[in-house]
Amino acid sequence: MYRLLFLLKYTERMMEMAEKNNRNEFLSIMKFAQTLMAESFTPICREYGISSQQMKILSALYHKKNQTVGELSQSTQILRSNITSVCKKMEKDGYLVRSRSLMDERVVRVSLTDKGMKIMKMIGDAFTQYYDHLLEGEPQETCQVIHDGLQKLCELMEKSKEE
């Protein structure tokens, strides 16, 4: 009986350790993937003469038009004090337009210009080319597994934001 209890306790402990190792490995893989993604974005952004922060702003406004500076700061994870100066530069470069709210002049709304939309289209095409080349020669099953895994991860992360 003692051996059975010991064995149960031991396997329980081993399962906990395996679960912890899996979590640690998952976090390591996520961090590594994030680094690789950033490294793949940087040359494309440089090619178009924009910074990674500018890319985040362009992308956020492309997917959700006409945001306040506060919303944009939150969605891009760029500090509000930094986002204001980046947006001013981007406005000067013709990528976006900033306008004060008529209801509350403290609120500044930001949206893409035609030039901003055009550069997003070009960058989107460049990213598509990059990933097409990356996945070239991979079996369809591999691409599907990657797609399904990333989609499930996004669903779980969205779900946790709601809780």
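One can find the structure itself at the top, above this paragraph.
Because the structure is a prediction, the values reported are computed rather than measured.

With respect to unusual backbone geometry
(1) Moving on: For Asn66, which is not glycine, the phi torsion reads 55 degrees and is therefore positive.
(2) Moving on: Along the polypeptide, Asn66 turns up in the loop between α2 (52-63) and β1 (67-68).
(3) Moving on: Residues other than glycine seldom take positive phi values, yet Gln77 does so here, at roughly 60 degrees.
(4) Moving on: Note that Gln77 resides in the loop between α3 (69-76) and α4 (80-92).

Quick word on α4
For an α-helix, the turn length of 3.6 residues means that residues three or four places apart are oriented alike.
(1) Moving on: Given a rise of 1.5 Å per residue, 13 residues ought to cover 18 Å, and the 19 Å separating the end C-alpha atoms of α4 matches this to within 8%.
(2) Moving on: Of the positions making up α4, those classed as buried are Ile83, Val86, Cys87 and Met90. For α4, the angular spread of the buried residues around the axis is 105 degrees, confining them to a single face. What points out from α4, more than 90 degrees from its buried face, is the exposed set Ser81 and Lys92.
(3) Moving on: With its phi angle positive at about 90 degrees, Gly94 sits one or two positions after the end of α4.

Thoughts on the packing of aromatic side chains
(1) Moving on: Applying the stated criterion to the full structure yields two aromatic pairs.
(2) Moving on: Over the aromatic face of Tyr62 sits the side chain of Lys65, whose NZ or CZ is 5.3 Å from the ring centroid.
(3) Moving on: Over the aromatic face of Tyr95 sits the side chain of Lys115, whose NZ or CZ is 5.0 Å from the ring centroid.

Here's the deal with the packing of α2 against helix α5 (residues 114-135)
(1) Moving on: The contact between α2 and α5 brings their axes to 10 Å, and the two run at 105 degrees. Judged by the angle between their axes, α2 and α5 are roughly perpendicular. Contacts from Met55, Leu58, Ser59 and Tyr62 of α2 reach α5 at Gly116, Met117, Ile119, Met120, Ile123 and Phe127.
(2) Moving on: In terms of residue class, the contact of α2 with α5 is built from eight nonpolar, two polar and no charged.

Regarding the sheet that holds β1
(1) Moving on: Read from one edge of the open sheet, three strands run β1-β3-β2, paired in antiparallel fashion. Of all the strands in the sheet, the pair left with one neighbour each is β1 and β2 (96-100).
(2) Moving on: Here α2 sits on the sheet and contacts β1, β2 and β3 (108-112); the angle it forms with β3, its principal contact strand, is near 90 degrees.

Rules and cut-offs
Residues numbered from 1 in each chain as written. Predicted model: local features only at pLDDT ≥ 70, side-chain atom pairs only at ≥ 80, totals over all residues. Heavy atoms only, no water. Helix = DSSP H or I, 4+ residues; strand = E, 2+ residues; numbered from the N terminus. Expected span 1.5 Å × (residues − 1). Buried < 20%, exposed > 50% of the residue type's maximum accessible area, 1.4 Å probe, protein only. Arc of directions from axis to C-beta. Phe/Tyr/Trp six-rings, centres within 6.5 Å; stacked < 30°, edge-to-face > 60°. Lys NZ or Arg CZ within 6 Å of the ring centre and 35° of its normal. Axes fitted to C-alpha atoms, helices over the stretch in contact; angles between N-to-C directions. Parallel < 35°, antiparallel > 145°, perpendicular 65-115°, else oblique. Contact = heavy atoms within 4.5 Å. Nonpolar A, V, L, I, M, F, W, Y, C, P; charged D, E, K, R; others polar. Pairing = 2+ DSSP bridges.

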